[in-house]
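Take a look at the letters that make up each chain.
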Amino acid sequence: MLAVVKSGVDQLQDSMDKIATEISAPAEIMRAKTMQLSRIHQACELLRKVIRFLYLSRKLKGHMQAGTRELSKAAQCILEFDILRKEADLTGIHAIDGEAQWIAKAGEDVMNSASKMLSQGMETQNQADVAAAVQVFYNLLMLQPKVDATISNLTQRLKQSISALLAFGPADVQSKDGLKNVVWNRIEKMMDSIYTYCVQIWHLQRVLSKLRDPATHVCLLDSITEDGKPTIIQVFWQTITNYMTENMVNSAKKFPPVEAILVGEFPKLFRIFNEFLKKVQTHHVEMKNLAGSITTLDQ
């Protein structure tokens, strides 16, 4: 009886071994084929990205040869390059490495050209140049930091100018033009500088308010300004008028002869400010509203 049971067990074990062999062989083949398919898919995906990279490279070269006319399209290509690099590591591929250095240089050229165009466009109030430059930085997803940097740079430059113009001292008393002329000439120069910079900032804001994202139709100005927050011209205006007021008060306190001139000829100071405000108000309703915030200077 025991021998019969043992024989049955042995037969069962042989059957199990045979079944295991019949199952494991196809499973191993399937595993190998799956791994092969996965690698083929990865290779195809990598090849697709390489082809896309080289296509964008040729496309970018065409845009760069066209000059500033296609600067925004070049910026779009550069953004796509950045997206491709984040999706896959393409380093070590000869065709890619040969183009990488040129693409990096092209990116710098696009940024520099757009920055120069923006600066010149703001100075000359050329809407086309400002719009083209703004579109470049928007395509590069850098509009917010670029606008912030531009406003900050202009603010610092104007602050330095105001500080220098209101830095009166004993040497000004001995000027051949006389202290009184020096004071009024500097104040007029200061107001001219403030007017020039305000118009530049307002011009940038006006262009931003006219441009929209072609896909979402969102106004570019709204994309960098939170709801209920001051616009860029409002922030700039408040910062500069506060700084100017503070510096004028400090100059008068530090140098009494200047204070005597400003107090003794206050109507002239009032007239200079009013003429400045009238110039500002010729541009836009918002600039007219801003002019009302300078009333503290009349007190």
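Please read these numbers as outputs of a predicted model, since none were measured by experiment.

The rules behind these values
Residues numbered from 1 in each chain as written. Predicted model: local features only at pLDDT ≥ 70, side-chain atom pairs only at ≥ 80, totals over all residues. Heavy atoms only, no water. Phe/Tyr/Trp six-rings, centres within 6.5 Å; stacked < 30°, edge-to-face > 60°. Helix = DSSP H or I, 4+ residues; strand = E, 2+ residues; numbered from the N terminus. Buried < 20%, exposed > 50% of the residue type's maximum accessible area, 1.4 Å probe, protein only. Lys NZ or Arg CZ within 6 Å of the ring centre and 35° of its normal. Contact = heavy atoms within 4.5 Å. Salt bridge = Lys/Arg side-chain N within 4 Å of Asp/Glu carboxyl O. Axes fitted to C-alpha atoms, helices over the stretch in contact; angles between N-to-C directions. Parallel < 35°, antiparallel > 145°, perpendicular 65-115°, else oblique. Nonpolar A, V, L, I, M, F, W, Y, C, P; charged D, E, K, R; others polar. Expected span 1.5 Å × (residues − 1). Arc of directions from axis to C-beta.

**A word on the packing of aromatic side chains**
Next up, step 1: Overall, the coordinates contain three aromatic pairs when judged by the stated rule.
Next up, step 2: Plain terms: the ring middles of Trp237 and Phe276 are 6.0 Å apart, the flat faces sit at 5 degrees to each other, and that makes the pair stacked. Taken together, the residues Trp237 in helix H9 (residues 232–254) and Phe276 in helix H11 (residues 266–281) connect sequence positions 39 residues apart.
Next up, step 3: Among the residues examined, Phe276 registers a relative accessible area of 4% and is labelled buried.
Next up, step 4: Over the face of the ring belonging to Trp102 we find Lys61, whose NZ or CZ atom lies 5.5 Å from the ring centre.
Next up, step 5: Note that Lys279 overlies the ring of Tyr195, its terminal NZ or CZ placed 4.2 Å from the centroid.

**Here's the deal with the environment of Leu71**
Next up, step 1: Within the fold, Leu71 resides in helix H2 (residues 71–87).
Next up, step 2: On the basis of relative accessibility, which here comes to 6%, the residue Leu71 falls in the buried class.
Next up, step 3: If near-sequence neighbours (up to four positions away) are discounted, Leu71 is found in contact with Val110, Ser113, Ala114, Met117 and Val136.

**Comments concerning the pattern of salt bridges**
Next up, step 1: Inspection of the entire model under this criterion finds 10 salt bridges.
Next up, step 2: Notably, a salt bridge pairs Lys49 with Glu45, separated by 2.8 Å at the nearest N-O pair. Placement of both Lys49 and Glu45 in helix H1 (residues 2–65) is noted, with a separation of four residues, approximately one turn of the helix.
Next up, step 3: Connected through salt bridges with shared partners, the residues Glu45, Arg48, Lys49 and Glu87 form a single ionic network.

**Considerations on the side chain of Gln205**
Next up, step 1: Inspection of the secondary structure assignment puts Gln205 in helix H7 (residues 179–210).
Next up, step 2: Residue classification places Gln205 among the buried residues on the basis of a relative accessible area of 4%.

**Digging into the packing of H9 against helix H10 (residues 256–264)**
Next up, step 1: It is the contact of H9 with H10, at a shortest axis distance of 5 Å, that shows an interaxial angle of 120 degrees. Regarding the angle of H9 to H10, the classification is oblique. From H9, Met248, Ser251, Ala252, Lys253 and Lys254 reach across to H10, where they touch Pro256, Val258, Glu259 and Leu262.
Next up, step 2: A class-by-class count of the residues in the contact of H9 with H10 yields five nonpolar, one polar and three charged.

**Describing H11**
Next up, step 1: For H11, with 16 residues, the first-to-last C-alpha span of 22 Å sits near the 22 Å given by 1.5 Å per residue.
Next up, step 2: Residues Leu269, Ile272, Phe273, Phe276, Leu277 and Val280 constitute the buried set of H11. Along the axis of H11, the buried residues cluster in a sector spanning 135 degrees; they form a single face. Seen from the open side of H11, the exposed residues pointing more than 90 degrees away from its buried face are Pro267 and Lys278.

**Some remarks on H10**
Next up, step 1: Listed in full, the buried residues belonging to H10 are Val258, Ile261 and Leu262. Taken end-on, H10 shows its buried residues confined to a sector of 95 degrees, consistent with a single buried face. In H10, the exposed positions that point more than 90 degrees away from the buried face belong to Ala260, Val263 and Gly264.
Next up, step 2: Of the surrounding elements, those touching the buried residues of H10 are H7, H9 and H11.

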